[in-house]
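One-letter residues, chain by chain:
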Protein chains: 2
Amino acid sequence: MPLFYSPRLEKDSQNIFIHGDEYKHITKSRRKSVGDKIHLTNGKGILATGTITLIDENSLKIEILNSEEKTKTKPTIALAFSLLKKNNKLIVEKATELGITEFFPFISKRTIKKNYSEKLRLKLERVTIAAMKQSGSAFLPPVNPIINYSVLLPDLSPIYKPILAWEETKSKFISSALEETQKNICLIVGPEGGFSDKEIDYGKKHGADIVSLGNHILRAETAAIATSTYTIFHQISKNSNYY
Amino acid sequence: MPLFYSPRLEKDSQNIFIHGDEYKHITKSRRKSVGDKIHLTNGKGILATGTITLIDENSLKIEILNSEEKTKTKPTIALAFSLLKKNNKLIVEKATELGITEFFPFISKRTIKKNYSEKLRLKLERVTIAAMKQSGSAFLPPVNPIINYSVLLPDLSPIYKPILAWEETKSKFISSALEETQKNICLIVGPEGGFSDKEIDYGKKHGADIVSLGNHILRAETAAIATSTYTIFHQISKNSNYY
C-alpha cells in the first residue's frame, strides 16, 4: 500500500483533508478513488492507515482507521554536504531513502556556485518528501538553511560527532571512526574540489574525525551517498532493529 | 595529474598513439599540449606516466617515462543488476568509481523494458571508462553481454558467491553474508518491481545467499549502489590495502 504525506496528521486525527501536490499525487499519479485504503505519515513518526471517503476538485478526505507512533532509532545520522554544481538532488534523494535524519547543506571555500537561494532549499525539501514516501519511512529529514562551513562546525558539536571524509587522508578508514563513537553522527562531505588544508584544521579543532573512503577518488556526490550508506548499514549490522 | 585510457598500452610500451574519443578528451576537454605529463592506464592493471610529444589533427603521441603493474586485490566484487527503465548509467558509473570489478546486466521476469540492444551495453562500457579514469583506478570493469536471469546464476557459481538483495526477506542482513564468505562475490539486485518468489527459489538452488538491506524500501538503483558501497567498504575495513 503506498505511503503519502500529510504534515497535519496527528496521533488522534480522525479525518484528514489533503490539498495541493499530495492531492494530485494521490488522485492523478496514483489514481486512487473513494474507498481505497492508503498509508499516511506526518514525517514526524506517525504512521496511519486510512480510507479515502471523499474526493472533490481540489481536496480529498481520509478517514483514519488506525495509527501508530514510531520512535526514531539512535544514534541518528545526519549529512552535511557542500552544495554541488549538479547532483544536490541526487544526494538528498538517495540519502533520504537510506535513512539520513537531517541535512546541513553548506558553502565552503571551493564550492563552485556560492549564491544559492532559499528556492534550492525548498526544491531539496520536495525531494526529501518523495524519497521518504518511497522508502516507507515515517520520518522526514529536515533540510536546514544553507550556511557557511565556518558556522556549521560549532553548530554541530553539541549534538553530533562530526565525521569528515577527506580524499587526502589515508590514515583512518571511516569504519574506525564509526567504531569509536556512540554519539549521533554528522557525516561531512566537501565540494567537487575538496576541502582546503585550513578547512580540515578547522574541522579538527571542532572535534571532527577526518577519515578516508579508500584509495579510489570518488566524485563529491558519490562520496556523500557512500558515506551515508556505509554508516547506516554499519548501524543496522550492529542492531537489526535500527530504523 | 589526470588519468587517461589506452587499451594498447602494455608494460614495456615506449610510445603510445591515441586517437578517437580519448584524443578529444585529452586535447579538447582537458586542453593538454605537447610537453604536458599525463597518467595512462590500459584498464588491465598497467599504470604509466608519460609526456605528450606530438599532437596532430587526429592523434597524439605519448612517450612513456615509467610504468607499473597493479595487482587486482581479492576478493573481487562483481555486480549483476536487472536493467532498469532509467538509471542504468548511474548504477554503472557509481559502482565503477567505488571499485566493482565486473558487471552482469540481466533481464528478469519483472524487468520493464526487455528488448535491450548491444548499443546499450556499449553505452554502459563508455560510462565505465569515464568512471575508471575519474576514480584513478587501473582496472576497467567489463560489462558482460545482457543475458537472462535464468542463465546468469549457473554462469556465476563456479567463480563467485552470489549474494542477492531482496526487499521481502528480513531474516539476514547483508553484513552476515559478507562475514560468512571468503570467496569472490557477485552482488545481485533485481528490477523496479523486485524478484518473484520463483526467481528467489531459483537463486537459492544455485547457491545465492538471500539478504536484506534493512527496513527502508530502496529504489532499484539505490539498492545496487548501496550493496556495492557496503561490500567494498566492508572489505577495506578488513584490509586497508584493499584496492
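No experiment lies behind these values; they were computed from the predicted model shown. Residue positions are given per chain, counted from 1 along the sequence in the order it is written. Written order determines the labels here, with chains lettered from A and ligands numbered from 1. Where totals are concerned, whole chains, interfaces and linings use all residues; where local detail is concerned, this predicted model gives features only for residues with pLDDT of at least 70, and gives and counts side-chain atom pairs only at 80 or more. Computation of side-chain values: all heavy atoms of the structure, hydrogens and water removed.

Asks: Would you mind going over the domain arrangement of chain A with me for this structure?
Replies: The parts lose accessible area when they come together, and the size of an interface is often stated as this lost area. Residue and element names in this part refer to chain A. For each domain, the first and last residues come from an automatic or database assignment. The domain boundaries assigned to chain A delineate domain 1 (3-69) and domain 2 (77-238). Look at where the C-alpha atoms of domain 1 and domain 2 centre, and you get two points 32 Å apart. Facing 12 residues of domain 1, the contacting portion of domain 2 comprises nine residues. As used here, buried area is the combined drop in accessible area, with a 1.4 Å probe, of two parts when they are placed together. Both sides of the domain 1 and domain 2 interface together cover about 750 Å² of buried area, and 66% of this is carbon and sulfur. Put simply, a salt bridge is a Lys or Arg side-chain nitrogen that is within 4 Å of an Asp or Glu carboxyl oxygen. At the boundary of domain 1 and domain 2, one finds one salt bridge. The partner of Glu22 in a salt bridge is Lys133, and the shortest N-O contact between them spans 2.8 Å. Any N or O atom pair separated by 3.5 Å or less is treated as a polar contact, with the protein-specific requirement of one donor-capable and one acceptor-capable atom, and with residues adjacent in sequence counted only for side-chain atom pairs. On the surface where domain 1 and domain 2 come into contact, there are six residue pairs in polar contact (both at pLDDT 80 or more). Two residues form a contact once any of their heavy atoms are found within 4.5 Å.

Asks: How do you make sense of the sheet that holds strand β8 (residues 147-148) of chain A when you look at a structure like this?
Replies: Two orientations exist for strands paired in a sheet by backbone hydrogen bonds: parallel and antiparallel. All names here are of chain A. Within the open sheet, the six strands sit side by side as β8-β7-β6-β10-β9-β11. Their pairing is parallel. Unpaired on one side and paired on the other, β8 and β11 (209-211) mark the two borders of the sheet. Bridge analysis of strand β7 (residues 102-107) against β8 gives two bridges, and the strand direction is parallel. Its bridge partner being in β8, Ile107 is matched across the sheet by Asn148. Two strands form a pair only when DSSP identifies at least two bridges running between them. Each helix is a run of H or I in the DSSP string that is no shorter than four residues. Each strand is a run of E no shorter than two, and both are numbered from the N terminus.

Asks: What's the story with the interface of chain B and chain A in this structure? I'm lost.
Replies: Listed as interface residues are 34 residues of chain B and, on the opposing side, 34 residues of chain A. At the boundary of chain B with chain A, total buried surface from both sides reaches about 2,900 Å², with 62% on carbon and sulfur atoms. For the pair chain B and chain A, the number of links is six salt bridges. Ionic pairing is found between Arg219 of chain B and Glu93 of chain A, a salt bridge with its closest N-O pair at 3.8 Å. Along the contact surface separating chain B from chain A lie 14 residue pairs in polar contact (both at pLDDT 80 or more). Looking at the side of chain B that touches chain A, the element that brings in the most residues is helix α7 (residues 220-238) of chain B, giving 10 residues. Note that Gly is not counted as nonpolar here; it falls among the polar residues with everything else outside the nonpolar set of Ala, Val, Leu, Ile, Met, Phe, Trp, Tyr, Cys and Pro and the charged set of Asp, Glu, Lys and Arg. Class assignment of the residues belonging to the side of chain B that touches chain A gives a composition of 14 nonpolar, 15 polar and five charged.

Asks: Help me understand the nonpolar core, please; the structure alone is not making it clear to me.
Replies: What tends to happen in soluble globular proteins is that the nonpolar side chains get buried as a cluster. To form a nonpolar core, buried Ala, Val, Leu, Ile, Met, Phe, Trp, Tyr and Cys residues must be joined to one another through side-chain atoms within 4.5 Å. Buried means the residue's accessible area, taken with a 1.4 Å probe over protein chains only, is under 20% of the maximum for its type, while exposed means over 50%, and partly exposed covers the values in between. Membership of the largest hydrophobic core comes to 80 residues, with the highest contact counts inside it found for Leu79, Ile174 and Phe233 of chain A together with Leu79, Ile174 and Phe233 of chain B. The residues touching Leu79 of chain B, leaving out its near neighbours within four places in the chain, are Ile91, Ala95, Ile100, Glu102, Phe103, Phe104, Cys186, Leu187, Val189, Ala224, Thr227 and Ser228 of chain B.

Asks: Just to check I follow, could you spell out the pattern of salt bridges for this structure?
Replies: Applying the stated rule across the entire model yields 20 salt bridges over all chains. With a closest N to O distance of 3.0 Å, Lys172 of chain A and Asp209 of chain A form a salt bridge. Of the two residues, Lys172 of chain A is situated in the loop between β9 (161-165) and α5 (174-180) and Asp209 of chain A in strand β11; the sequence distance between them amounts to 37 residues. Summarising the burial analysis for this pair, Lys172 of chain A and Asp209 of chain A share the class buried. Where Lys172 of chain B meets Glu180 of chain B, a salt bridge forms, and the shortest distance between an N and an O atom there is 2.8 Å.

Asks: Can you help me understand the relation of the copies chain B and chain A in this one?
Replies: Comparison of the two chain copies shows a relationship of rotation about an axis with a shift along it. Only residues with pLDDT of at least 70 in both copies count here: their C-alpha atoms drive the least-squares fit that superposes the copies. Overlay of chain B on chain A (RMSD 0.0 Å): rotation 180°, translation along the axis 0.0 Å. Taken together, the rotation angle and the small translation identify this as a two-fold axis. Among all residues of chain B, the one whose C-alpha sits closest to the rotation axis is Tyr230 of chain B, at a distance of 2.7 Å. A share of 100% of interface residues in chain B that are also interface residues in chain A marks the association as one of identical surfaces.

Asks: I would appreciate a short explanation of the packing of helix α2 (residues 88-98) of chain A against helix α3 (residues 118-135) of chain A in the present structure.
Replies: Relative placement of two packed helices is described by the angle separating their axes and the distance separating the axes. Residue and element names in this part refer to chain A. One can describe the packing of α2 onto α3 by two numbers: an axis separation of 8 Å at closest approach and a directional angle of 30°. The interaxial crossing formed by α2 with α3 has right-handed handedness. Where α2 abuts α3, its residues Asn88, Lys89, Val92, Glu93, Thr96 and Glu97 lie against Leu124, Val127, Thr128, Ala131, Met132, Gln134 and Ser135. When grouped by side-chain class, the residues that make up the contact of α2 with α3 number five nonpolar, five polar and three charged. The angle between two axes is taken between their N-to-C directions and runs from 0 to 180 degrees, where each axis is a line fitted to C-alpha atoms and a helix contributes only its stretch in contact. Note: crossing handedness is left-handed where the near helix turns anticlockwise from the far helix by less than a right angle, and right-handed where it turns clockwise.

Asks: Would you mind going over a positive patch on the surface with me for this structure?
Replies: Residues and elements named next belong to chain A. Each patch is built from residues that are more than 30% exposed by relative accessible area and take part in no salt bridge. Like charges join if they lie within 9 Å; nonpolar side chains (Val, Leu, Ile, Met, Phe, Trp, Tyr) join within 5 Å. We get accessible surface area from the Shrake-Rupley algorithm with a probe of 1.4 Å; when it comes to residues, only the shown protein chains can shield them. Two residue types count as positive, namely Lys and Arg, and two as negative, namely Asp and Glu; His and chain ends fall outside the count. The atoms used to mark charge sites are NZ of Lys, CZ of Arg, CG of Asp and CD of Glu. Positive charge collects at one region of the surface, where Lys89, Lys113, Lys119, Lys123 and Arg126 lie side by side. No other element matches the three residues that α3 contributes to the positive patch. With respect to the helices and strands, the residue Lys89 is situated in helix α2. Take Lys89: its relative accessible area is 48%, and that puts it in the partly exposed class.

Asks: Whenever I open this one, the sheet that holds strand β5 (residues 60-69) of chain B confuses me. Can you help?
Replies: Residues and elements named next belong to chain B. Strand order in this open sheet of five strands is β1-β3-β4-β5-β2, and the pairing throughout is mixed. The sheet is open, and its two edges are formed by β1 (3-5) and β2 (15-18), each paired on a single side. Adjacent strand axes in the sheet meet at a mean angle of 40°, parallel and antiparallel pairs treated alike. Summarising the sheet, strand β4 (residues 46-55) and β5 pair through nine bridges and their orientation is antiparallel. Bridging across to β5, Ala48 finds its partner in Ser67. Docked against the sheet, helix α1 (residues 20-29) engages β1, β2, β3 (37-41), β4 and β5, running at close to 155° with respect to β1. Of the strands in this sheet, β1 and β3 touch helix α3 (residues 118-135), which is tilted by about 150° from β1.

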